[in-house]
Structure formats: structure tokens, C-alpha cells
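Topology and contacts: notes
One-letter residues, chain by chain:
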Amino acid sequence: MTIRTRFAPSPTGYMHIGNLRTALYAYLVAKKDPNGVFIMRIEDTDQGRLVEGATDIIFDTMKDCGLQHDEGPDVGGEYGPYVQSDRVKDGLYMEYAKKLIHRHGAHYCFCDQEMIDTQRELQEARGESFKFDDPCKALSIEEAEKRTENGEAFVIRQTIPTEGTTSFDDEVFGRITVDNTTLDEQILMKSDGFPTYNFANVIDDHLMGITDVVRGMEYLSSTPKYNLIYEAFDWDIPRYIHCPPVMKNEHEKLSKRNGDASYQDLVAKGYLPQAILNYIALLGWSPEEDKEIFTLDELVQAFNVKHIGTSGAIFDIDKLTWLNGMWLRNMPIDEYHSLIEPYIASAVKGNYDHVKIAKIVQQRANTLVEIPEMLGFFDHFETFDKDLYNNKKMKTNPEISLISLKAAKEVLEQLNDYSEESLHEELLKLPEKLEMKNGQVLFPIRLAITGQQFTPGGAIEIASILGKEETLNRLEQSIEHLEKELA
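Residues numbered from 1 in each chain as written. Predicted model: local features only at pLDDT ≥ 70, side-chain atom pairs only at ≥ 80, totals over all residues. Heavy atoms only, no water.

Moving on: empty space enclosed by the protein. With the rule as written, the count across this model stands at one cavity of 30 Å³ or more. As a volume, the largest cavity reaches approximately 30 Å³. Residue lining of the largest cavity: Thr383, Phe384, Tyr389, Ser478, His481 and Leu482, and that is the complete set. Taken together, the residues of the lining of the largest cavity break down into three nonpolar, three polar and no charged. (1 Å grid on protein atoms, 1.4 Å probe; cavity = no way out; pocket = protein on both sides within 12 Å on 5 of 7 lines; lining within 4 Å. Points joined across faces, edges and corners; volume = space filled by probe spheres on them. Nonpolar A, V, L, I, M, F, W, Y, C, P; charged D, E, K, R; others polar.)

On the surface, a cluster of negative charge is made up of Asp417, Glu420, Glu421 and Glu425. In this structure, aspartate 417 sits in the loop between helix H16 (398-414) and helix H17 (420-427). In this structure aspartate 417 comes out as partly exposed when scored by relative accessible area, which is 44%. (Patch = residues over 30% accessible without salt bridge, like charges linked within 9 Å, V, L, I, M, F, W, Y side chains within 5 Å. Areas by Shrake-Rupley, 256 points an atom, 1.4 Å probe, with all protein chains shown as cover. Salt bridge = Lys/Arg side-chain N within 4 Å of Asp/Glu carboxyl O. Lys, Arg positive; Asp, Glu negative; His and termini not counted. Charge placed at Lys NZ, Arg CZ, Asp CG, Glu CD. Helix = DSSP H or I, 4+ residues; strand = E, 2+ residues; numbered from the N terminus. Buried < 20%, exposed > 50% of the residue type's maximum accessible area, 1.4 Å probe, protein only.)

Turning next to the pairing of strand E1 (residues 4-7). With burial as the criterion, each face of E1 is covered, one bearing Arg4 and Arg6 and the other bearing Thr5 and Phe7. By the bridge criterion, four bridges tie E1 to strand E2 (residues 37-40) in an arrangement that is parallel. Within the sheet, the bridge partner assigned to arginine 4 lies in E2 and is valine 37. Running through helix H1 (residues 17-32), the crossover from E1 to the neighbouring parallel element E2 is right-handed. (Pairing = 2+ DSSP bridges. Right-handed = clockwise from strand over helix to strand, strands pointing away.)

This next bit is on the layout of surface pockets. If you add up the space inside the largest pocket, you get close to 1300 Å³. Forming the boundary of the largest pocket are 41 residues, of which Ser10, Asn19, Arg49, Glu218 and Tyr219 lie nearest the centre. Contributing elements (two or more residues each) for the lining of the largest pocket: E1, H1, helix H2 (54-65), helix H7 (197-207) and strand E8 (212-216). Of all the elements, H1 adds the most residues to the lining of the largest pocket, at four residues. A class-by-class count of the residues in the lining of the largest pocket yields 17 nonpolar, 13 polar and 11 charged. Considered as a void within the structure, the second largest pocket measures approximately 270 Å³ in volume. Lining the second largest pocket are 14 residues, and of these Met394, Leu442, Phe443, Arg446 and Gly458 lie nearest its centre. Contributing elements (two or more residues each) for the lining of the second largest pocket: helix H19 (438-450) and helix H20 (459-466). Looking at the lining of the second largest pocket, the element that brings in the most residues is H19, giving five residues. For the lining of the second largest pocket, the per-class residue count stands at six nonpolar, five polar and three charged.

Across the sheet, three strands lie side by side as E3-E4-E7; this open sheet has antiparallel pairing. A strand with exactly one partner marks an edge of an open sheet, and here the two such strands are strand E3 (106-109) and strand E7 (187-189). Sheet twist, expressed as the average angle between the axes of neighbouring strands with direction ignored, equals 40°. By the bridge criterion, two bridges tie strand E4 (residues 155-158) to E7 in an arrangement that is antiparallel. Each residue of the ladder has a partner; that of isoleucine 156, found in E7, is methionine 189. Across the sheet, helix H4 (residues 92-102) touches E3, E4 and E7, and the angle it forms with E3 is around 105°. (Axes fitted to C-alpha atoms, helices over the stretch in contact; angles between N-to-C directions. Contact = heavy atoms within 4.5 Å.)

Moving on to the pattern of salt bridges. Counting across every chain of the model gives 20 salt bridges. For arginine 175, the salt bridge is made with aspartate 169, and the minimal N-O distance between the two is 3.0 Å. Looking at aspartate 169, the relative accessible area reads 47%, which means it is partly exposed. What you see here is one network of salt bridges that share partners, running through Arg6, Arg41, Glu43, Arg87, Asp204 and Asp205.

With respect to the element layout, threonine 396 can be found in the loop between helix H15 (371-374) and H16. Only 2.6 Å separates the side chain of threonine 396 from the backbone oxygen of tyrosine 389, close enough to count as a polar contact. Excluding its chain neighbours within four sequence positions, the residues that come into contact with threonine 396 are Tyr389, Asn390, Asn391, Ser401, Gly439, Gln440, Phe443 and Pro444. (Polar contact = N/O pair within 3.5 Å; in protein donor to acceptor, adjacent residues only side chain to side chain.)

Turning our attention to the environment of alanine 408. With respect to the helices and strands, the residue alanine 408 is situated in helix H16. Distance in space between the C-alpha atoms of alanine 408 and glutamate 426 is 9.2 Å, their sequence separation being 18 residues. Non-local contacts of alanine 408, meaning those with residues more than four positions away in its chain, are made with Leu427, Leu430 and Ile445.

Our focus in this paragraph is the nonpolar core. Judged by nonpolar contacts, the single largest core of 102 residues is most densely connected at Leu67, Leu375 and Phe378. Looking at which element gives the most residues to this core, the answer is H1, with 10 residues. The contacts of leucine 67, once residues within four sequence positions are left out, are Leu20, Ala23, Leu24, Tyr27, Phe38, Met62, Leu277 and Leu296. If you look at the next biggest cluster of nonpolar residues, it comprises 35 residues, including Val37, Val202, Val213 and Tyr226. (Core = buried A, V, L, I, M, F, W, Y, C linked by side-chain atoms within 4.5 Å.)

Within the structure shown, the criterion is met by 17 aromatic pairs. On the numbers, 5.5 Å between centres and 85° between planes, the contact of tyrosine 27 with phenylalanine 38 is edge-to-face. A residue pair is termed long-range when its members are at least 10 positions apart, and tyrosine 27 in helix H1 and phenylalanine 38 in strand E2 qualify at 11 residues. For tyrosine 27, a relative accessible area of 11% puts it in the buried group. Three or more aromatic residues link up through ring pairs in this structure, and these residues are Tyr25, Trp285, Phe294 and Phe303. We note arginine 147 situated over the ring of phenylalanine 110; from NZ or CZ to the ring centre the distance is 4.3 Å. (Phe/Tyr/Trp six-rings, centres within 6.5 Å; stacked < 30°, edge-to-face > 60°. Lys NZ or Arg CZ within 6 Å of the ring centre and 35° of its normal.)

Following this line, the structure appears as C-alpha cells:
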């Protein structure tokens, strides 16, 4: 049997991290099968919540992350249309709702919302779970259809057995059994002719041949009702894979309403799509091997639904930042330079070698947006307080630093070959000559030519990028300023 999975988002705004993880897991389950098919389906039946442009956000996100679907609204397929509102126009859901009524799995309901709300309030006041008591259930199908022909508004509700239990197996949570008396008779078709999610997803999953349903564990409580629909139609029930939520902390789910980052927010903050995808794969899933850096192809090979946990996974921005830094540092320098060139260009206007700048930044920056603030010293150099020369780790102070700076200035003035290799060779002769440690020489030089305690790259790399004239100019300014402060 060919594995067929689907990602079925609603176009209601940004791409939630939890939704993206669901898409990733569904993709991985499909692609684990060499012939597996990953489907994109847009579920837009809740017309009141639709956001203009949200569908484009979904497609752009999936493209950025490399989650290419095999069937969908933009690529077609033999099971289309792949947008639910288009399927509504074809009368598809009403057709199946009426079939379900004839199979005793649903019924017409002519009760207004006020009556429903009143029943809910009364039952909840008694401490009971809400279960709709439908006085119209006794109507014959013929009588109900006659009333619809007369223009009376109606909804179609699922008919739940009043006795017994319903069970299903989940790949993550095992076998789950619920009493039918705890299940409410949910609306399947609304009075506007649109299906609810709870009905449309069952019909579409069956008609599109979905074999494996990957979704959040919040749908566990609804799954028994879905299975009653499958059973009423005598359809095969798919394999279920319910995933634990992505958590903000131990008590709160990650949510845009709480100000938590969406996929688009994270990209804007300088995180790579590959790193985001890599990280969210690990939120609730544990690889068998001791490894954390995965490409998408490697995830396909390593992924196993049996290693998905049952408890919520807390989103750790520090862990994502570390992982993002690893992705950046592992890039070939040409690829890395092309990626960060806009960030370098925004911060460095002087005539400096941007490839060399990329090399020193690569080992320091964990996100892309950090890069411009790291490079401000190239265009803006100012003198600074002598106390910055005090560094216990480097065993330096202003007096030691002044000796090192003067000696370095003399060496650089005599240097004809100003390549990084030559700088390295000549400047590293100074510590032995001055009977000092390397840090007592190189730390003051770096500070003197940047004005910054912390910089990407060391004294030698930065001096090479600045060039001989600019390096000497900055050294002279720093030496003069330090001599005045020590006088």
C-alpha cells in the first residue's frame, strides 16, 4: 500500500510553529515510503476566519522549507479540487451528508442557536458534559426534507449511539476507548451549506485516499466521532498519528496570542528555514542516534513515529539559536557569503573585502540579524576609555597594552607584505620578543584598531581587512589617547 499523507491548513494568517511541525511530520511519514505521496489541501470552510494572503504564506513557507507536495491546488492531481470551498461548490459535502443521514449516521436539525445555547448552559450548570438533545431526531427523513424544501433553515448533525463505546488505535498514544455518552452530536453541515471541519476532513481524507493522518493531539477527543462516520460509510479507517503540543512553558502552549514567534517571525529574526525545520523536528521526537543536526533528507531516513513522545515539548529559543549557528558555520564560505552579503552591505560602506568579512563573521554570528551590529567598527572608529585594556584573562592592563601597541606599530610600519599570512608571522614574533603572552599583545591590538571588546575575528584578521594605512592610523590614535590618559 502506498502511503498517502496530507497537510491541511486553514488560511487564517501566519504559519504557527506547531502547524509547520505537523506538515513536516506528515511529509516525513510519506517520504519514508519510496512511493509515498504528500498532499496539500486548503481547508477554508470557516469563511469568517479567512485572512487575505494567508494561502500565499502557506505556500511560501512550504517552499522555503523544502516541503514539496506531490498533489495540491497549485500542482493538481487526480483527487482535486484541493481547496475545500471549491468542493463545496460541487455539492460534494451535502451529497455525503445526505448519504450519512440515510445510513443513520446523521440527522437534520431545525433548532435555532438560541435553543442550543440554552441547553448547553443548563447541562453545564448541572456539571454535565454538553450533549445536544435534538427534539427533531424523531422526524422522518421524508418529513425533514419536506421542511427543507419549504425554505426552513437547518443544520445536519451527527447521530451518536446512546450506548456502548468507540475505540481507536493511535501510533503515539496507543489504544483509546471512550463511552459514546460522552460524545456530543456535532454539526456536520452548517445552515449556509458549508461543512464543518469535523465532517469535511473525514470526507476528503477518504476520497483522497489518505492512509496516515498526522495532526495535533487536541484532535484525540474528536477522533471517536470521526471513526463513527467512517464506520457508518463502511470505509477503511486511516492510521492515526497524534502529536503532542509545542509548549511555551510547562503550562502554556506556544501561541501567537501570547506573543510567541511564528515561522515568519523567526525568519525575520535571522533564523534559517533549514535550522527551524531541523529544530522543530526534535520538538517531541527523539532520533535513535546521538545526533542533532539533520538535513531534510537525513530526517526522512531517521524519522520513526514510534519515537514521538506523548508530552508537550517546550520551545527553547536558545537551543534554536545554537542550532542555527551550527547551520551557519557549516556552510561553504561562498554560500555563506552570498547569504549574508545584504547584511554586510547594510553595515559596511567602506571599501573592504566582504568575503574576508564573511569569514570572520561566520565563526561568531548565530543569527543573521546579529551581523550588522558586529561590523559597525569598520566604518565608525572612536577612541575609548583606557579601562577597556584591563583584562584578567589576557593578563593585560593599560601600561602593558601601551608597550604592545608601540611595538606592533613599529612592526607594521616596516611591513611591505601586508597579507594575512605575513601579518600572522610577524605579529606572533612580538610576544617572545617582549617576553609576554600572545594575549598580552594581540588583545590590545584588536581593541586599539576596533574600539570594541568583542569582535568577530581577531587582531590579525581584522588588521588584514582594514589594510595597512587604516590599521596604522587607528593604532596611532589609540596610542596617543592612551598616553594622554596615563600621563
